[in-house]
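Each chain, written out:
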Amino acid sequence: MPIEYDAVVVGSGPNGLAAAITLARAGCSVLVCEANATPGGGARSAELTLPGFLHDVCSAVHPLAVASPFFKTLPLERFGLTWIQPEVPLAHPLDDGSAACLHRDVDFTAEQLIGDSGAYRRVMKPLARNWEKLANEFLQPPLHLPRHPVALARFAIPAVCPATFLAKFLFKHEPARALFAGIAAHSFLPLEALVSSAFAFVLGLAGHSVGWPIPRGGSQRITNALANYLRELGGTIETNHRIDNLNDLPKSRAILLDVTVWEFLRMAGEQMPTRYRRRLESFRHAPGIFKIDYALSDPIPWKAEACRHAGTLHLGGSIDEIATTERDVARGKIPERPFVLVAQQSLFDETRAPGGQHTLWVYCHVPFNCAGDMTDRIESQVERFAPGFRDCILSRHKTRAADLEKSNPNLTGGDINGGAANLMQLIARPILSPTPYRTPMKGIYLCSSSTPPGGGVHGMCGYHAARVALHDCFSTRKP
Ligand SMILES: Cc1cc2nc3c(=O)[nH]c(=O)nc-3n(C[C@H](O)[C@H](O)[C@H](O)COP(=O)(O)OP(=O)(O)OC[C@H]3O[C@@H](n4cnc5c(N)ncnc54)[C@H](O)[C@@H]3O)c2cc1C
């Protein structure tokens, strides 16, 4: 069979599109096959509730996209992408009616954390100063020769600690501890686990350095900008084109798979060398999520004023409460008071809802593949910090952990990040190698969030995988 494309990419999530763009920029002809009717995977938007209410189907808040060294090289603004920085990037309401907040400015954040101002400043300021260097280090495979070893070591030593231990060691008071714990909970790890602090540092520092922005018009705009740039470079995207077997693909020199290890096993398990297949089979899932998108008649009546100006909120109360919740979830127990992540995009972007009305994006952590309905528990958590919330609800759209896979084969059991991000799987993702994207099957590369640096909309897995493919299969072309 003659070669039809230099490269075929399976999946048009942020990593698939990043891989396709990297290859197309190097002069390759590229086809992207996407199972869904719309491209974008975890970066899509749709009217899920009522006409005129635009919801982010998956990702909503994008510190990692703005921080991405690869996305920075792309002309995404030319293709309509603009970022909105909410007045307060993150608020964490507490039961006394106050809220601990992450602001862009480290000093201002520290000043608000009364009793822990000095400690917060001492730990975050030197790291924030080195943000650019650090972001370049941790947004690539962990097995690499660091270009900034001193900055990296200063980050890595506290980052490897369990979040509960570090927060209680560093801070004396609940607001700073809870704020740190809430950000660490993005890891989906029990907060007593090693490296759970890394997530608090990466996302906290990103908040100080690049903010926690939202794209004007929804996360679909990130995809549209990437997809239109790819088309300008000559790439083709075919939607409604699910690949069940690698043999179904048109002939090409390289195949890049924006699919998780489990989807890869389904597609090609029988063709894999036994040792590699066993390694993928032993890869562990993270817990899942239960998501609700709301159409609201009014802004949420938060008790704490700061919450009314925040793009993102973490609802989980104290550090001990969040730690208990995340421990329960990891053990397969449905939490009574779940840790709830909230984004209120329409407060800052009037394109999301009809005049005066609002959208709300909410999800909570649940055990892997959980089929339970968390609506009451989520709404009780919101009511706890915003009495009267239920009166604002016009419509809701629920997605259970066990259902997420129906809209994206990568979201098996509700795991949104391509596998657990524990210490072992951060280092060996999915295999221990400086180039974990390369598979033992010639010309086939994994480029999804099951590879480093893992979950999030940043495109770095796709970019790194494409560079390896260019090196192996197209040695004369430069990315
Ligand atoms: C509810 C939710 C909220 C999130 N919130 C955030 C957030 O706020 N910020 C953030 O940075 N990240 C967030 N994430 C995580 C982020 O969306 C993912 O980590 C990111 O999208 C991973 O990108 P990817 O390209 O690896 O995979 P995906 O985005 O999952 O894309 C994979 C694509 O491949 C397609 N595909 C899979 N199998 C096949 C096949 N066999 N044939 C053809 N096509 C196939 C899928 O349909 C999909 O379009 C969230 C995720 C979810 C689900």
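Just so you know, the residues in each chain are numbered from 1, in the order the chain's sequence is written. Side-chain atom pairs in this predicted model are given and counted only at pLDDT of 80 or more, local residue features only at pLDDT of at least 70, and totals for whole chains, interfaces and linings cover all residues. Only hydrogens and water are set aside when side-chain values are computed; all heavy atoms of the structure are taken into account.

Bringing the sheet that holds strand 2 (residues 30-33) into the picture now. At least two bridges found by DSSP between two strands is the condition for calling them paired. The secondary structure listing takes helices from DSSP runs of H or I that are at least 4 residues long and strands from runs of E that are at least 2 residues long, numbered from the N terminus. Taken in spatial order, the 5 strands line up as 9-2-1-10-16 in an open sheet, and their pairing is parallel. Taken across any chain shown, the strands that pair with only one partner, and hence form the sheet edges, are strand 9 (236-238) and strand 16 (444-446). Strand-to-strand twist across the sheet, computed as the mean angle between neighbouring axes with direction ignored, equals 20°. Bridge analysis of strand 2 against strand 9 gives 3 bridges, and the strand direction is parallel. In the strand pairing of strand 9, L31 is matched with T236. Orientation is described by lines fitted to C-alpha atoms, with helices fitted over the stretch in contact, and by angles between N-to-C directions that extend from 0 to 180 degrees.

This part takes up helix 6 (residues 149-159). Only protein chains enter the accessibility calculation, which uses a 1.4 Å probe. A residue is then buried if its area is under 20% of the maximum for its type, exposed if over 50%, and partly exposed in between. Burial in helix 6 covers these residues: A151, L152, F155, P158 and A159. Looking straight down helix 6, one finds its buried side chains confined to an arc of 145°; they lie on one side. Facing away from the buried side of helix 6 by more than 90 degrees, the exposed set consists of V150, R154 and I157. Throughout, a residue-residue contact means that at least one pair of heavy atoms, one from each residue, lies within 4.5 Å. Packing partners of the buried residues in helix 6 comprise helix 4 (117-129), helix 5 (131-138), helix 7 (163-170) and helix 9 (196-209). The reported arc concerns the directions from the helix axis to the C-beta atoms and nothing else.

Among the 6 residues in strand 6 (residues 88-93), 6 count as buried, and that is most of the element. Strand direction decides the pairing type here: strand 6 and strand 12 (residues 310-315), joined by 3 bridges, are parallel. When the sheet's bridge partners are listed, V88 is paired in strand 12 with A310. Strand direction decides the pairing type here: strand 6 and strand 7 (residues 99-102), joined by 4 bridges, are antiparallel. Of the residues in strand 7, the one forming a bridge with H92 is A100. A loop of 5 residues connects strand 6 with strand 7, the two strands running antiparallel in sequence, and G97 in this loop sits at a positive phi of about 90°.

A separate point is the sheet that holds strand 11 (residues 288-296). Sheet strands pair via backbone hydrogen bonds, and the direction of the pair is either parallel or antiparallel. Strand order across the open sheet formed by 7 strands is 7-6-12-13-14-11-15, with mixed pairing between neighbours. Edge positions in the sheet fall to strand 7 and strand 15 (393-399), since each has one partner strand and no second. Ignoring which end each strand starts from, the neighbouring axes of this sheet average 20° apart. Examined bridge by bridge, strand 13 (residues 340-343) and strand 14 (residues 358-366) share 4 bridges and lie antiparallel to one another. Residue V342 lies in a different strand from strand 14, and its bridge partner there is V362. Taken strand by strand, helix 14 (residues 375-385) contacts strand 6, strand 11, strand 12, strand 13, strand 14 and strand 15, and its axis lies near 60° from that of strand 11.

This next bit is on the domain arrangement of the protein. Annotation comment: domain bounds sourced from an automatic or database domain assignment. In terms of domains, the protein is made up of domain 1 (5-35 + 241-284 + 417-473) and domain 2 (105-199). On a C-alpha basis, the centroid separation for the pair domain 1 and domain 2 is 30 Å. The partner domain 2 presents 11 residues to the 15 residues of domain 1 that form the contact. Using a 1.4 Å probe, buried area is obtained as the accessible area two parts lose upon being combined, added over both of them. Between domain 1 and domain 2, the buried area comes to about 1100 Å², and carbon and sulfur atoms account for 78% of it. Looking at the side of domain 1 facing domain 2, the largest losses of area belong to A421, L423 and P434, adding up to 34% of the total buried there. Here a polar contact means two N or O atoms within 3.5 Å. Within protein one must be a hydrogen donor candidate and the other an acceptor candidate, and residues neighboring in sequence count only if both atoms are side-chain atoms. In this assembly, domain 1 and domain 2 are joined by 1 residue pair in polar contact (both at pLDDT 80 or more). Elements represented by at least two residues in the side of domain 1 that touches domain 2 include exactly helix 16 (423-427) and helix 17 (460-473). It is helix 16 that provides the largest number of residues to the side of domain 1 that touches domain 2, a total of 3 residues. The classification used treats Ala, Val, Leu, Ile, Met, Phe, Trp, Tyr, Cys and Pro as nonpolar, Asp, Glu, Lys and Arg as charged, and all other residues, Gly among them, as polar. Residues of the side of domain 1 that touches domain 2, tallied by class, amount to 11 nonpolar, 4 polar and no charged.

Following R429, the chain continues into P430 via a peptide bond in cis, with omega recorded as -5°. Within the element layout of this structure, P430 appears in the loop between helix 16 and strand 16. In this structure, P453 follows P452 across a cis peptide bond, with omega equal to 5°. Within the secondary structure, P453 sits in the loop between strand 16 and helix 17. Residue V195 is not a glycine yet carries a positive backbone phi of 65°.

On to the packing of aromatic side chains. Ring pairs are drawn from Phe, Tyr and Trp, using the six-membered ring of Trp, whenever the two centres fall within 6.5 Å, and their geometry is named by plane angle: stacked under 30 degrees, edge-to-face over 60, tilted for the rest. A complete count under the given rule lists 14 aromatic pairs for this structure. Seen from their ring centres, F180 and F201 are 5.5 Å apart, and the 75° between their planes marks the pair as edge-to-face. Taken together, the positions of F180 in helix 8 (residues 174-184) and F201 in helix 9 put the pair 21 residues apart, joining distant regions of the chain. Like F180, the residue F201 is buried in the burial classification. Here a set of aromatic residues connected by ring pairs shows up, and it is made of Y120, W131, F138, F155, F171, F180 and F201.

This part covers the pairing of strand 14. Burial runs high along strand 14: 9 of the 9 residues are buried. Of the strand pairs in this sheet, strand 11 and strand 14 are connected by 9 bridges, and their pairing is antiparallel. From the neighbouring strand, I292 faces strand 14, where its bridge partner is V362.

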